[in-house]
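What follows is each chain in one-letter form.
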Amino acid sequence: MATTAPAHPVHPVHPVDEVPPVRHLAAFGLQHVLAMYAGAVAVPLIVGGAMKLSPADLAYLITADLLVCGIATLIQCVGFWRFGVRLPIMQGCTFAAVSPMVLIGTTGGGLPAIYGSVIVAGLAIVLLAPVFGRLLRFFPPLVTGTVILIIGVSLLPVAGNWAAGGVGAKDFGAPKNLALAGFVLAVVLAVQRFAPPFLARIAVLVGIAVGLAVAVPFGFTDFGGVGDADWVGISTPFHFGTPTFHASAIVSMLVVALVTMTETTGDLIAVGEMTDRKVEPRTLADGLRADGLSTVLGGVFNTFPYTAFAQNVGLVGMTRVRSRWVVATAGGILVLLGLLPKLGAVVAAVPAPVLGGAGLVMFGTVAASGLRTLAEVDFKGNNNLTVVAVSVAVGMLPVGVPTIYAKFPDWFQTVMNSGISAGCLTAIVLNLLFNHLPGKAGSAGAAAEPKAASV
């Protein structure tokens, strides 16, 4: 539609709003879907597995999740009224909610109690969005760079687990798995370096396709599930019963809501920096409001709380494809996968090591973007280095030692077991302590705040 912005110098089209040709939209969109598919279906698999649901119910949870993932992504990218940040943001189920949901589901409440608490949490996010929007001034480059760095580094173990064969795989860590992941990584890098511009931008998709082509003859994957899957699957509201509302379940899910809002804030700021469209307080509130609406839809359509997916932030940075319509196309593909389970089964057959090879590049790109933001911060004659050091350390604790907070109360674990929220909260508090408290605000405070306006 509008790919030649220079031809209209008076009203140039921002790269975020450009609409690439249809063939590019399809390729770029599919690349985003493949990057997040494993993460998208993990939450229903974990929660359903812990509740010992039947295979049919598990399949239903997955198709419902994919459908709402797609709708949530469309709301976030395309937007309507005050819902949606209108940036290239993929939406998916948050992992922060897994432990509380398993607890709610297995201690007598079942799925109806989970969905009741999810609906209340979604409404709370919609109401709290403007408050979070006003907190944007507490995210100068010192804080945002640190948070983006933590997001990237905390995702790397996910790529590592994929590369080794996927958590729970019988051949986890087998040399053949790591060899396949390494091969895919090499293909992605070679395509990005030597291929024509369009192919370079879909390097991840090319790497996954080549990796899949190699994986099939070597027996890495099984397409048996495709034949068993239904052609059409429609998720109907309250399929597992009318939601029930238990105070303890609602409280734990409200804590999750605060964690996901913190994580989403970091993701939105990261994408805003990568696309040169700075997130303002109003647009941040719009993005969080979309999260809340999607979470309410999740509770109604038999799935779980939604948040911005950090996996895809790395893809935006790596490919430099900034159009939100690309990610909206990915949302449309997810809706199709949710309505056509057979298609979903085809995508699910991509082996974990193939995704692992691609994930190493994408998640590393997120971390590198954080370093790029931190490069703008003044570290001389102030305590900014301490802010970064302690925040990264606190953020990495639950990543490196997952059971470190096992003896703490559930609400504390919900907040601190997410390295992203733990690191983000630490960075905000330390920035206030060293750069804004009276008598301490010296060159660091002066350096950080003006730059917050320029990023």
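Above this text sits the structure in question.
The text that follows walks through the structure, step by step, so that each part is easy to find. (Residues numbered from 1 in each chain as written. Predicted model: local features only at pLDDT ≥ 70, side-chain atom pairs only at ≥ 80, totals over all residues. Heavy atoms only, no water.)

## Looking at the overall build of the protein
- The helix and strand inventory of the protein stands at 19 helices and 2 strands.
- Taking 2.2 N^0.38 as the reference for a compact globule, 455 residues should give roughly 23 Å; the C-alpha atoms of the protein span a radius of gyration of 21 Å, in line with that estimate.
- If one aligns the C-alpha atoms of the protein with their principal axes, the spans along those axes are about 65 × 55 × 45 Å.
- Burial analysis of the protein (455 residues in total) assigns 56% to the buried set.
- Partitioning the contacts of the protein with sequence separation of at least 6, the portion at a separation of at least 24 is 82%. (Helix = DSSP H or I, 4+ residues; strand = E, 2+ residues; numbered from the N terminus. Rg over C-alpha atoms; globule rule 2.2 N^0.38 Å. Buried < 20%, exposed > 50% of the residue type's maximum accessible area, 1.4 Å probe, protein only. Contact = heavy atoms within 4.5 Å.)

## Overview of the packing of aromatic side chains
- Applying the stated criterion to the full structure yields 7 aromatic pairs.
- Between Trp-81 and Phe-83, the ring centres sit 6.1 Å apart and the planes meet at 45 degrees, which makes this aromatic pair tilted.
- The exposed category is assigned to Trp-81, whose relative accessible area is 68%.
- One aromatic cluster is present, formed by Phe-80, Trp-81 and Phe-83 through successive ring pairs. (Phe/Tyr/Trp six-rings, centres within 6.5 Å; stacked < 30°, edge-to-face > 60°.)

## What about the side chain of Thr-94?
- Relative to the assigned elements, Thr-94 resides in the loop between strand S1 (91–93) and helix H3 (98–106).
- Judged by relative accessible area, Thr-94 falls into the buried class, the value being 2%.
- Leaving out residues up to four positions away in the same chain, Thr-94 has contacts with Val-43, Thr-260, Glu-263, Pro-305 and Thr-307.

## A word on helix H10 (residues 247–274)
- Here H10 spans 41 Å end to end across 28 residues, near enough to the 40 Å set by a 1.5 Å rise per residue.
- The element H10 is extensively covered by neighbouring structure, given that 22 of its 28 residues are classed as buried.
- Backbone geometry just after H10 places Asp-276 at a positive phi near 60 degrees. (Expected span 1.5 Å × (residues − 1).)

## Side note on the environment of Val-167
- Within the secondary structure, Val-167 is located in the loop between helix H5 (141–163) and helix H6 (175–194).
- Each C-alpha atom of the pair Val-167 and Ile-125 lies 32 Å from the other, and the pair is 42 residues apart in sequence.
- The residues contacting Val-167, other than those within four sequence positions of it, are Asn-161 and Phe-172.

## A word on unusual backbone geometry
- Its identity as a non-glycine residue notwithstanding, Arg-86 has a phi of 60 degrees, on the positive side.
- By the secondary structure assignment, Arg-86 is in the loop between helix H2 (55–77) and S1.
- Assessed through its relative accessible area of 25%, Arg-86 is described here as partly exposed.
- Phi is positive for Phe-238, which is not a glycine, with a value near 55 degrees.

## Looking at a nonpolar patch on the surface
- Residues Leu-128, Val-131 and Leu-258 make up a contiguous nonpolar surface patch of about 220 Å² in total accessible area.
- With respect to the helices and strands, Leu-258 occurs in helix H10.
- Assessed through its relative accessible area of 44%, Leu-258 is described here as partly exposed. (Patch = residues over 30% accessible without salt bridge, like charges linked within 9 Å, V, L, I, M, F, W, Y side chains within 5 Å. Areas by Shrake-Rupley, 256 points an atom, 1.4 Å probe, with all protein chains shown as cover. Salt bridge = Lys/Arg side-chain N within 4 Å of Asp/Glu carboxyl O.)

## As for the nonpolar core
- Counting residues in each nonpolar core, the largest one holds 117 residues, and the members touching the most others are Val-47, Met-101, Ile-114, Ile-208, Met-253, Phe-304 and Leu-334.
- Not counting the four nearest positions on each side in its chain, Leu-334 is found in contact with Val-33, Met-36, Leu-66, Leu-67, Cys-69, Gly-70, Thr-73 and Met-90.
- Formed by 9 residues, the second largest nonpolar core is a distinct cluster that contains Leu-142, Leu-149, Val-377 and Val-388. (Core = buried A, V, L, I, M, F, W, Y, C linked by side-chain atoms within 4.5 Å.)

## Brief notes about the side chain of Thr-144
- Topologically, Thr-144 is positioned in helix H5.
- A polar atom in the side chain of Thr-144 sits 3.4 Å from the backbone oxygen of Pro-141.
- Apart from the residues within four sequence positions on either side, Thr-144 is in contact with Phe-139, Ile-269, Glu-273 and Thr-373. (Polar contact = N/O pair within 3.5 Å; in protein donor to acceptor, adjacent residues only side chain to side chain.)

## As for the packing of H5 against helix H15 (residues 352–374)
- The geometry of H5 relative to H15 is characterised by a closest axis approach of 7 Å and an angle of 165 degrees between their N-to-C directions. Put simply, H5 runs roughly antiparallel to H15. In the packing of H5 onto H15, the handedness of the crossing is left-handed.
- A class-by-class count of the residues in the contact of H5 with H15 yields 21 nonpolar, 10 polar and no charged. (Axes fitted to C-alpha atoms, helices over the stretch in contact; angles between N-to-C directions. Parallel < 35°, antiparallel > 145°, perpendicular 65-115°, else oblique. Left-handed = near helix turned anticlockwise from the far one by under 90°. Nonpolar A, V, L, I, M, F, W, Y, C, P; charged D, E, K, R; others polar.)

## Let's talk about the packing of H2 against helix H13 (residues 324–339)
- For the pair H2 and H13, the least separation of the axes is 7 Å and the interaxial angle reads 160 degrees. It follows that H2 is roughly antiparallel to H13 by the angle criterion. For the pair H2 and H13, the sense of crossing is left-handed. Along its contact with H2, which presents Thr-63, Leu-66, Leu-67, Cys-69, Gly-70, Ile-71, Thr-73, Leu-74 and Cys-77, the element H13 presents Arg-324, Val-327, Ala-328, Gly-331, Gly-332, Leu-334, Val-335, Leu-337, Gly-338 and Leu-339.
- Among the residues making up the contact of H2 with H13, the classes are represented as 12 nonpolar, 6 polar and 1 charged.

## Details of the environment of Leu-288
- Mapped onto the elements, Leu-288 comes out in helix H11 (residues 281–300).
- For the pair Leu-288 and Thr-307, spaced 19 residues apart in sequence, the C-alpha separation works out to 8.5 Å.
- Each residue touching Leu-288, except ones within four places of it in the same chain, is listed here: Ile-125, Ala-129, Phe-132, Met-261, Thr-264 and Thr-265.

## A closer look at the pattern of salt bridges
- In this structure the tally under the stated criterion is 6 salt bridges.
- Its salt-bridge partner being Lys-176, residue Asp-171 comes within 3.8 Å of it at the nearest N-O pair.
- Since its relative accessible area comes to 44%, Lys-176 is described here as partly exposed.
- A salt bridge links Arg-289 to Asp-286; its shortest N-O distance comes to 2.9 Å. Of this pair, Arg-289 and Asp-286 both sit in helix H11, 3 residues apart, which is roughly one turn of the helix. Taken individually, Arg-289 and Asp-286 each receive the classification buried, so the pair is uniform in this respect.
- Residues participating in the shared-partner salt-bridge network are Asp-17, Arg-277 and Arg-324.

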